[in-house]
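The lines below spell out each chain.
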Amino acid sequence: MHVSICHDFGFKKLFREGFKKAEIANYNQEERDNYKNSLKNYRDLKNILDTAYSDGEKIGMEKGERKRNIEVAENGIRNGLTDEIIKSLTGLSVEEINTIRKRTDLS
């Protein structure tokens, strides 16, 4: 069995990163400023995208939870549960439950 120190122990990545840092260290002031601005822009954009993804995921979860609560309410109405029981199961208000009842003609 052949073991490659560069590949098997991650040294290739380490050397690549080290060479990149050495290259950056040789930049003149203008090149360093441009590099720093480029990193800042990249990090800002990445944070924006991460936040948007996280917000979108949260909104999707909330919509899914709401949809499920409506389904539970519909099933509760079909099975003759009181509004108070449906409210405790779903967190929906009595007004929302009545709206579901009217909308789906489940009275």
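This is a predicted model, so every value here is computed, not measured.

1. Focus on the packing of aromatic side chains
(1) Moving on: Applying the stated criterion across every chain yields a total of one aromatic pair.
(2) Moving on: On the numbers, 6.0 Å between centres and 70° between planes, the contact of Tyr27 with Tyr35 is edge-to-face.

2. Side note on helix α3 (residues 29-78)
(1) Moving on: For α3, built from 50 residues, the straight-helix expectation of 74 Å at 1.5 Å per residue is met to within 8% by its first-to-last C-alpha distance of 73 Å.
(2) Moving on: Those residues of α3 that fall on the buried side of the exposure criterion are Asn69, Ile70, Ala73, Glu74, Gly76 and Ile77.
(3) Moving on: Check the buried side of α3 and you find it contacts α4 (83-90) and α5 (94-103).
(4) Moving on: Between the side-chain oxygen of the N-cap and the backbone nitrogen of Glu30 there are 3.0 Å, and the N-cap of α3 in question is Asn28.
(5) Moving on: One or two positions beyond α3, positive phi appears at Gly80, with a value near 80°.

3. What to know about the confidence of the model for the protein chain
(1) Moving on: Put simply, the protein chain has an average pLDDT of 87, and 89% of its residues get 70 or more.
(2) Moving on: Ranking the elements of the protein chain by mean pLDDT puts helix α1 (residues 5-8) last with 56 and α4 first with 96.

4. A closer look at the pattern of salt bridges
(1) Moving on: The final tally for this structure, using the stated rule, is five salt bridges.
(2) Moving on: For Glu71, the salt bridge identified is with Arg68, shortest N-O distance 3.3 Å. Of this pair, Glu71 and Arg68 both sit in helix α3, three residues apart, which is roughly one turn of that helix.
(3) Moving on: Its relative accessible area of 31% is what places Glu71 among the partly exposed residues.
(4) Moving on: The exposure class of Arg68 is partly exposed, given its relative accessible area of 47%.
(5) Moving on: A salt bridge links Asp83 to Arg101, with the nearest nitrogen and oxygen atoms 3.1 Å apart. Of the two residues, Asp83 sits in helix α4 while Arg101 sits in helix α5, which places them 18 residues apart along the sequence.

5. Quick notes on the side chain of Thr90
(1) Moving on: Looking at the secondary structure, you find Thr90 in helix α4.
(2) Moving on: Side-chain polar atoms of Thr90 contact the backbone oxygen of Ile86, separated by 2.8 Å.

6. As for the packing of α4 against α5
(1) Moving on: Interhelical geometry of α4 versus α5 gives an angle of 105° and a closest axis separation of 9 Å. Comparing the axis directions of α4 and α5 gives the class roughly perpendicular. Contact with α4, carried on its side by Asp83, Glu84, Ile86 and Lys87, involves Val94, Ile97, Asn98 and Arg101 of α5 and no other residues of that element.
(2) Moving on: Looking at the contact of α4 with α5 residue by residue, the classes come out as three nonpolar, one polar and four charged.

7. Quick look at the nonpolar core
(1) Moving on: Judged by nonpolar contacts, Ile70, Ala73, Ile77, Ile86, Leu92, Ile97 and Ile100 together constitute the single largest core of seven residues.
(2) Moving on: Per element, the largest residue contribution to this core is three residues, and it comes from α3.
(3) Moving on: Each residue touching Ile97, except ones within four places of it in the same chain, is listed here: Ile77, Asp83, Ile86, Lys87 and Leu92.

How each quantity is defined
- Residues numbered from 1 in each chain as written.
- Predicted model: local features only at pLDDT ≥ 70, side-chain atom pairs only at ≥ 80, totals over all residues.
- Heavy atoms only, no water.
- Phe/Tyr/Trp six-rings, centres within 6.5 Å; stacked < 30°, edge-to-face > 60°.
- Helix = DSSP H or I, 4+ residues; strand = E, 2+ residues; numbered from the N terminus.
- Expected span 1.5 Å × (residues − 1).
- Buried < 20%, exposed > 50% of the residue type's maximum accessible area, 1.4 Å probe, protein only.
- Contact = heavy atoms within 4.5 Å.
- Polar contact = N/O pair within 3.5 Å; in protein donor to acceptor, adjacent residues only side chain to side chain.
- pLDDT = per-residue confidence, 0-100.
- Salt bridge = Lys/Arg side-chain N within 4 Å of Asp/Glu carboxyl O.
- Axes fitted to C-alpha atoms, helices over the stretch in contact; angles between N-to-C directions.
- Parallel < 35°, antiparallel > 145°, perpendicular 65-115°, else oblique.
- Nonpolar A, V, L, I, M, F, W, Y, C, P; charged D, E, K, R; others polar.
- Core = buried A, V, L, I, M, F, W, Y, C linked by side-chain atoms within 4.5 Å.

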